[in-house]
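Overview (structure and organization)
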Amino acid sequence: MRDGFSWGVSTSAYQVEGAVREDGRGLSIWDTFAHEPDRIADGSTGDVACDHYHRYGQDVALMADLGVSAYRFSIAWPRIQPTGAGAANPAGVAFYDRLVDELLGRGIDPVATLFHWDLPQDLQDAGGWTARDTAYRFADYADVLGAALADRVRLWITLNEPVVHLIFGHLWGMHAPGLHLFEDPFPVVHHQLLAHGLAAGALRGHGPTPIGIANNYSPAWPVGPDGRRDSATAADRAAAQVYATLQNWLFTDPILRGEYPAGLDAFPGAAALETLVRDGDLAAIGAPLDALGVNYYNPTGVGAPSHDTPLPFDIRLVEGYPRTYFGWPVVPDGLREMLVSLRERYGAALPPVYVTESGCAYADVPAATGSIVDSERIGYLDGHVGAVRQAAAGGVDVRGYFVWSLLDNFEWGEGFTKRFGLVHVDFATQVRTPKASYAWYRDLIAADRAGRG
Ligand code: BGC
């Protein structure tokens, strides 16, 4: 990445690309899942999404006008290896070649995520992340990408939010692959971590491009049943610690400390780690990393478990804050708190941090004139940029901030009902309309650059 602070925007392949049947792309678990009945709130799929596969030139032009220095996108594994194994599909690789060249031609650093949840369906049929072999397949895929793109990608992100893929995809079943592995979740934990480690090793063989992972982090706030912190009991506080172990440390301690966090015996199935972890695994997982991606949206309210949950905590809504259209509390200071907690926990082992996702959903209904004045999003982003500045002033080495998202897109189980973009997308016509937040972000970036000379 270039010197200085990176201002960026983020997207992911299945959420924006569309063109799911083109140029030899194979099926992913999200193609399967979204086409099943009752999985997606509005019955939609990512078949077309933002049609970014065909309109990437226009989208990169929007980024150039915005003035961002970096774009974080993800690569669809089933475009590169349609079945998740074997030779690269040249037409799939060619799309990312074109995208990367277009970005570089506009002075924008390509930040490529290898996996943002769209596992090739054939690998899922062979066990998905429950199978150790998937980690080896992922390393092969990383090797293919390294050979094709390492000369131009400026930062690699191996996995996006393995904890969300675990919880939403493999426990609660609200995301693909729609599983409920409450009794035996640790294969999905360890094999994702191993995939990260092996892929990082494979990418190192292709040159000095920095490598990181993007984790989802959320301060675990003990709250009482009324959602308030001051009514939390000792049992709620204990449950919040257990939740923090899962949400924040499970996918970070092995990477930055080379060991699993203490306290995992609170979770069913943790004993399986004894056989899952083989010689050399933790060394591969814990190999030095160049960057840590922090995706932050809100703190999580946690209470002691009630009778009807297989998990050792209850998730409770944090009360006393404004909420986004998703119902998530708006707490910019939670980002500062999280960044400082990471520095305190990992000390010198914490690599430079990039906030790889930060953003919010609002209704974003166009006015009669067509303009979209998303003042709440501006307030949200302004607060979170301020939190990053405070964390940096407090000594956290934060090198970038990426808004989620450039475009309104396919919001997983919520379909097209939740808009996160700086740019509004009319999904019937594919017309893009920059919102007021786009102009706000453009001005912020310009002012920051002018200030830094
Ligand atoms: C994911 C994005 C998602 C965003 C908003 C993040 O957890 O990485 O893909 O759109 O949250 O829900």
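Here, the structure is the one placed above.
Because the structure is a prediction, the values reported are computed rather than measured.

To continue, consider the site of the ligand. In the vicinity of the ligand there are 13 residues, among which Q15, H116, E161, E411 and W412 approach most closely. Contact distances for the ligand include 2.7 Å between an oxygen atom and a side-chain N or O atom of Q15. One of the side-chain nitrogen or oxygen atoms of W412 is found 2.8 Å away from an oxygen atom of the ligand. Considering the ligand on its own, with 310 Å² of exposed area, one finds that the protein chains cover 94% of that surface. Looking at the shell around the ligand residue by residue, the class counts come to 6 nonpolar, 4 polar and 3 charged.

Next up on the list: the packing of aromatic side chains. With the rule as written, the count across this model stands at 34 aromatic pairs. Ring plane angle 55° and centroid distance 6.1 Å describe the contact between F326 and F420, whose orientation is recorded as tilted. Placement of F326 in the loop between β9 (314-316) and α14 (332-346) and of F420 in the loop between β11 (398-404) and β12 (423-426) is noted, with a sequence separation of 94 residues between them. Aromatic side chains W328 and F420 sit 6.1 Å apart centroid to centroid with 50° between the ring planes, which places their arrangement in the tilted category. Of this pair, W328 sits in the loop between β9 and α14 while F420 sits in the loop between β11 and β12, placing them 92 residues apart in sequence. Relative accessible area serves as the criterion here: at 26%, W328 is assigned to the partly exposed category. Residue F420 is classed as buried on the basis of its relative accessible area of 2%.

The next point concerns the nonpolar core. Ranked by size, the top nonpolar core spans 140 residues in total, and within it V9, W30, Y96, F138, W156, Y401 and Y441 carry the most contacts. In this view, W156 contacts A112, L114, L145, G146, L149, A150, L203, T209, P210, I211 and G212; residues no more than four positions away in its chain are not counted.

Take the environment of S44 next. Within the secondary structure, S44 sits in the loop between α2 (29-34) and α3 (52-66). C-alpha of S44 to C-alpha of A61: the two residues are 17 residues apart in sequence and 27 Å apart in space. Those residues within four positions of S44 in sequence are excluded, and the remaining contacts are A34, F410, G415 and F416. Here the side chain of S44 touches D42 through a polar contact of 2.6 Å, side chain to side chain.

Attention now moves to the sheet that holds β9. Pairing is mixed in the open sheet, where 3 strands are placed in the order β6-β8-β9. The open sheet has two free edges, formed respectively by β6 (220-222) and β9, since each of these has just one partner strand. Between one strand and the next, the sheet's axes are offset by a mean angle of 45°, whatever the strand orientation. Pairing analysis gives 3 bridges linking strand β8 (residues 300-303) to β9, with the strands arranged antiparallel. Within β9, the residue paired with V302 across the bridge is I315.

Time to look at the pairing of strand β1 (residues 6-10). With 5 of 5 residues buried, β1 is to be regarded as a mostly interior element. Side-chain alternation along β1 places S6, G8 and S10 on one buried face and W7 and V9 on a second face that is also buried. Looking at chain direction, β1 and strand β2 (residues 70-74) are connected through 3 bridges and run parallel. The residue bridging V9 from the neighbouring strand is Y71, located in β2.

Rules behind the numbers
- Each chain has its residues counted from 1, running along the sequence as written.
- Thresholds applied to this predicted model are a pLDDT of at least 70 for local features of residues and 80 or more for the giving and counting of side-chain atom pairs; totals over whole chains, interfaces and linings are not thresholded and use all residues.
- Calculated side-chain values reflect all of the structure's heavy atoms, with hydrogen atoms and water omitted.
- Working definition: residue near molecule or strand if any one of its non-hydrogen atoms lies within 4 Å of it.
- Polar contact is the term for a pair of N or O atoms within 3.5 Å; when the atoms are in protein, one must be able to donate a hydrogen and the other to accept it, and sequence-neighboring residues count only if both atoms are side-chain atoms.
- Where accessible areas are quoted, they stem from the Shrake-Rupley method and a 1.4 Å probe; at the residue level, only the protein chains shown are allowed to cover.
- Nonpolar residues are Ala, Val, Leu, Ile, Met, Phe, Trp, Tyr, Cys and Pro. Charged residues are Asp, Glu, Lys and Arg, and all others, Gly as well, are polar.
- Here a Phe, Tyr or Trp ring, Trp counted by its six-membered ring, pairs with any other such ring whose centre lies within 6.5 Å, and the pair is stacked when the planes are under 30 degrees apart, edge-to-face when over 60, and tilted otherwise.
- Counting from the N terminus, the helices are the DSSP runs of H or I reaching at least four residues and the strands are the DSSP runs of E reaching at least two.
- Each residue is assigned to one of three classes by its accessible area relative to the maximum for its type, calculated with a 1.4 Å probe on protein chains only: buried under 20%, partly exposed between the two thresholds, exposed over 50%.
- The definition of a nonpolar core used throughout is a set of buried Ala, Val, Leu, Ile, Met, Phe, Trp, Tyr and Cys residues joined through side-chain atoms within 4.5 Å.
- Whether two residues are in contact is decided by their heavy atoms: any pair within 4.5 Å suffices.
- Two strands qualify as a pair provided DSSP detects at least 2 bridges between them.
- In this analysis, axes come from line fits to C-alpha atoms, helices being fitted only over the stretch in contact, and the angle between any two N-to-C directions falls in the range 0 to 180 degrees.

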